[in-house]
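# What the coordinates show
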Amino acid sequence: MQPSETTDVLNRPISQELLARGMTRLAYVAEDGTPRVIPIGFVWNGAEIVMCTVRNAPKLPALRRNPAVALTIDTEVHPPKLLLVRGLAELDVVEGIPEEFLRTNGAYAMTSEQRTVWEAEVRSLYDGMVRIVVRPTWAKLIDFETTLPSAVEELVRRREERRRS
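The structure contained in this document is the topic of the report that follows. (Residues numbered from 1 in each chain as written. Predicted model: local features only at pLDDT ≥ 70, side-chain atom pairs only at ≥ 80, totals over all residues. Heavy atoms only, no water.)

### Some words on the overall build of the protein
Secondary structure summary: the protein contains 6 helices and 7 strands in total. Each helix and strand of the protein, placed in order from N terminus to C terminus, yields the pattern α-α-β-β-β-β-α-β-β-α-α-β-α. Looking at the protein as a whole, 39% of its 165 residues qualify as buried. The contacts in the protein between residues at least 6 apart in sequence include a share of 69% that link residues at least 24 apart. On the protein, roughly 9800 Å² of surface is accessible, and the fraction owed to carbon and sulfur atoms is 54%. In the protein, 22 positive and 23 negative side-chain charges are present, and the distance between their average locations comes to 6 Å. (Helix = DSSP H or I, 4+ residues; strand = E, 2+ residues; numbered from the N terminus. Buried < 20%, exposed > 50% of the residue type's maximum accessible area, 1.4 Å probe, protein only. Contact = heavy atoms within 4.5 Å. Areas by Shrake-Rupley, 256 points an atom, 1.4 Å probe, with all protein chains shown as cover. Lys, Arg positive; Asp, Glu negative; His and termini not counted. Charge placed at Lys NZ, Arg CZ, Asp CG, Glu CD.)

Structure (structure tokens):
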């Protein structure tokens, strides 16, 4: 997929709605060679998906060894809307709490009092974090109205060919 095609997919209105959701599923290859998929909060900054994690997270050695990742952002309604993204994870160790982490967790409904308590707890627990930054190299939007999974697109094409013959 060309970079411009990836950008076109990510700039579609439905993609932008999904990129504003704040929760994704991150797939990677674990240290033992088996696949892993984990839910993780994220922020879309217009060019990159940024996720934050603790410095001792088990996924970090695996991502250092094999940075290839896939992400899925989806909805829970019918018809489902899915944004599939692939890219390479870059790890950025930072002191303190990254702003993206605080913004990601702002997606959850908290009163101002709850937010104050939560933020104080976070700041007392973490002296630093790791930003997992993914610049999408491939993206596909599936909304089951204007776009379908490629295998279903193939079935639709075959059905139309049968109807024409």
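That was the structure; now back to the text.
### Looking at the pairing of strand β6 (residues 82-95)
Direction of pairing for strand β5 (residues 68-74) relative to β6: antiparallel, over a ladder of 7 bridges. The residue bridging Asp74 from the neighbouring strand is Leu82, located in β6. Inspection of the sheet shows β6 paired to strand β7 (residues 128-142) by 14 bridges, in the antiparallel sense. Looking across to β7, one finds that Ala89 is bridged to Val134. (Pairing = 2+ DSSP bridges.)

### Remarks on the nonpolar core
In terms of nonpolar packing, the biggest core is built from 29 residues, with Met51 and Leu83 touching the most fellow members. Broken down by element, this core gets its largest block of residues, 5 residues, from β7. In this structure, Leu83 is in contact with Val9, Leu10, Ser15, Leu18, Leu19, Leu71, Thr72, Ile73, Lys140 and Leu141, ignoring residues within four places of it in sequence. Within the second largest apolar cluster, 6 residues are counted, among which are Ile97, Phe101, Leu102 and Met129. (Core = buried A, V, L, I, M, F, W, Y, C linked by side-chain atoms within 4.5 Å.)

### Digging into the sheet that holds strand β2 (residues 35-41)
Spatially, the 7 strands line up as an open sheet ordered β2-β1-β5-β6-β7-β4-β3, and their pairing is antiparallel. One side of each edge strand has no neighbouring strand; the edge strands of this open sheet are β2 and β3 (43-44). Pairing analysis gives 7 bridges linking strand β1 (residues 23-29) to β2, with the strands arranged antiparallel. Looking at the pairing, Tyr28 lines up with Arg36 of β2. On top of the sheet, helix α1 (residues 3-10) reaches β3, β6 and β7; it is set at about 95° to β7, its chief contact. (Axes fitted to C-alpha atoms, helices over the stretch in contact; angles between N-to-C directions.)

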